Amino acid sequence: MTAAGATVKEPAHDVGDGRLVATVIDPDGNVLGLLQDR
């Protein structure tokens, strides 16, 4: 997403049980949450 112009608000981090979460801000100022289950 950063290659498309987003900036990292909160880097990916483990919140338990291998689940990763992160937030980015897109070029229009929208905050997007990302979630990855391992």
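Residues numbered from 1 in each chain as written. Predicted model: local features only at pLDDT ≥ 70, side-chain atom pairs only at ≥ 80, totals over all residues. Heavy atoms only, no water.

As annotated in an unreviewed UniProt entry, the protein carries the name Enzyme related to lactoylglutathione lyase and is attributed to Nonomuraea africana.

### Brief notes about the pattern of salt bridges
Applying the stated rule across the entire model yields one salt bridge. When the shortest N-O distance is used, the salt bridge between Asp37 and Arg19 registers 2.6 Å. Placement of the pair is Asp37 in the segment after strand E3 (31-36) and Arg19 in the loop between strand E1 (7-14) and strand E2 (20-25), with a sequence separation of 18 residues. On the basis of relative accessibility, which here comes to 37%, the residue Arg19 falls in the partly exposed class. (Salt bridge = Lys/Arg side-chain N within 4 Å of Asp/Glu carboxyl O. Helix = DSSP H or I, 4+ residues; strand = E, 2+ residues; numbered from the N terminus. Buried < 20%, exposed > 50% of the residue type's maximum accessible area, 1.4 Å probe, protein only.)

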